[in-house]
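Reading the structure
Listed here are the chains, written in short residue letters.
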Amino acid sequence: MDETAVPTLPRLNEPAPDFVAKTTLGDLRLSDLRGKWVVLFSHPADFTPVCSTEFLAFAERQKEFEALGAQLVGLSIDSIYAHLAWLKDLEEMSGISITFPVIADLDMRVSKLYGMIHPAASETAAVRAVFIIDPQGILRGMLYYPLTTGRNIDEILRFLQALQFTDRTGLNTPANWRPGEPGIVKPPATLPELKADEAKKGEYTEYRRWYLRLQKAE
């Protein structure tokens with residue numbers, strides 16, 4: 001296997017790689033978005049059916065992302081002119097405006113920086129990747145999808161809400177967690193802590209085992 005063909009992925013809980021890129025709203029430096037959450041997502045190509053449904057779905061939910069303090073940023077390996085023509089066509093087709101920036105990454109610089117090029121899928125198109133970056137510029141979450149599968153916007157919103165919930169409360173989130181539901185309390189790390197904790201079982205929203213306790217939080 002040619003090791004040079006293996007994509008280099010950014011790592012969670014490390015600073016997100018910074019970049020300057022041309023977008024449909026002008027030049028964008030990622031670090032200029034500090035103070036906001038950023039949802040950076042790539043798509044394989046303009047004027048393609050799955051991508052079209054995704055862009056319209058993101059645009060329809062944009063206000064929900066903004067309410068969470070998040071900025072949407074799209075990307076594909078297409079020119080600014082292709083982006084502008086495609087976004088105009090989407091608006092004419094659906095009546096929905098795409099008002100978030102879309103990066104033109106013809107030189108694949110940003111795509112390679114974030115490991116979006118997977119040669120076994122395509123040498124010239126980015127896979128469907130999603131990166132969630134926190135207000136301090138730290139990469140907190142990544143999702144990768146094949147070219148054939150459209151993303152679930154509900155899950156991306158839930159993912160962002162779960163990260164914010166953990167930051168706010170210190171609680172982790174169980175499978176299928178939704179806002180308003182209890183989070184998971186970090187388990188005791190020593191035997192004395194375990195025994196002391198057993199004495200206050202009634203204080204938890206739900207006490208299943210010493211290592212699995214759920215607590216309601218605002």
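Structure shown above.
Throughout what follows, the structure given in this document is the object of discussion. (Residues numbered from 1 in each chain as written. Predicted model: local features only at pLDDT ≥ 70, side-chain atom pairs only at ≥ 80, totals over all residues. Heavy atoms only, no water.)

Moving on, we come to the packing of aromatic side chains. One pass over the full model with this rule turns up 12 aromatic pairs. Between Phe19 and Tyr114 the ring centres are 6.1 Å apart and the planes differ by 85 degrees, which places this aromatic pair in the edge-to-face class. Pair noted here: Phe19 is in the segment before β1 (20-23) and Tyr114 is in the loop between α4 (109-113) and β6 (128-133), with a separation of 95 residues, a long-range link. Given a relative accessible area of 0%, Tyr114 falls into the buried group. (Phe/Tyr/Trp six-rings, centres within 6.5 Å; stacked < 30°, edge-to-face > 60°. Helix = DSSP H or I, 4+ residues; strand = E, 2+ residues; numbered from the N terminus. Buried < 20%, exposed > 50% of the residue type's maximum accessible area, 1.4 Å probe, protein only.)

On to helix α1 (residues 49-60), then. For α1, which comprises 12 residues, the first-to-last C-alpha distance of 17 Å matches the rise-based estimate of 16 Å (1.5 Å per residue) to within 8%. Those residues of α1 not exposed but buried are Cys51, Ser52, Glu54, Phe55, Leu56, Phe58 and Ala59. (Expected span 1.5 Å × (residues − 1).)

Take the sheet that holds strand β10 (residues 212-215) next. Within a sheet, each strand pairs with its neighbour through backbone hydrogen bonds, oriented either parallel or antiparallel. Spatially, 3 strands are ordered β8-β10-β9 in an open sheet, and the strand pairing comes out antiparallel. A single partner strand is all that each edge strand has here, and the edge strands are β8 (183-184) and β9 (206-209). Sheet topology note: the β8/β10 ladder contains 2 bridges and is antiparallel. Bridged to Gly183 within β10 is Gln215. (Pairing = 2+ DSSP bridges.)

This part covers the pattern of salt bridges. Per the stated rule, a full pass over the model turns up 13 salt bridges. For the salt bridge of Asp154 with Arg61, the shortest nitrogen-to-oxygen distance reads 2.9 Å. Note that Asp154 is positioned in helix α5 (residues 153-169) and Arg61 in the loop between α1 and α2 (62-67), a separation of 93 residues in sequence. We classify Asp154 as partly exposed; its relative accessible area is 37%. Note on Arg61: relative accessible area 21%, which makes it partly exposed. Across the salt bridge formed by Arg158 and Glu155, the nearest N and O atoms sit 2.8 Å from each other. (Salt bridge = Lys/Arg side-chain N within 4 Å of Asp/Glu carboxyl O.)

Before going further, it helps to spend a moment on helix α3 (residues 80-94). The terminal C-alpha atoms of α3 lie 21 Å apart, and with 15 residues this matches the ideal 21 Å at 1.5 Å per residue to within 8%. Those residues of α3 that sit buried are His83, Trp86, Leu87 and Leu90. Down the axis of α3, the buried side of the element spans an arc of 100 degrees, and every buried residue falls inside it. α3 presents Tyr81, Lys88 and Glu92 as exposed residues on the side facing more than 90 degrees away from its buried surface. Residues of α3 that are buried sit in contact with α1, β4 (70-76) and β5 (102-104). At the C-terminal side of α3, Gly95 shows a positive phi close to 80 degrees. (Arc of directions from axis to C-beta. Contact = heavy atoms within 4.5 Å.)

The element strand β3 (residues 37-42) is extensively covered by neighbouring structure, given that 6 of its 6 residues are classed as buried. On β3, burial covers both faces: Trp37, Val39 and Phe41 on one face and Val38, Leu40 and Ser42 on the other are all buried. Here β3 pairs with β6 via 4 bridges, running antiparallel. Residue pairing in the sheet places Leu40 in a bridge with Phe131 of β6.

A positive phi is found at Met108, a non-glycine position, where the angle reads about 60 degrees. Inspection of the secondary structure puts Met108 in the loop between β5 and α4. Look at Met108 and you get buried, because its relative accessible area is 17%.

This part is about empty space enclosed by the protein. For the structure shown, the criterion picks out 1 cavity of 30 Å³ or more. Quantified by volume, the largest cavity comes out at close to 90 Å³. If you trace the largest cavity, you find it lined by Ala16, Asp18, Leu30, Ser31, Leu33, Arg34, Lys36, Val38, Ile133, Asp134 and Gly137. In terms of residue class, the lining of the largest cavity is made up of 5 nonpolar, 2 polar and 4 charged. (1 Å grid on protein atoms, 1.4 Å probe; cavity = no way out; pocket = protein on both sides within 12 Å on 5 of 7 lines; lining within 4 Å. Points joined across faces, edges and corners; volume = space filled by probe spheres on them. Nonpolar A, V, L, I, M, F, W, Y, C, P; charged D, E, K, R; others polar.)

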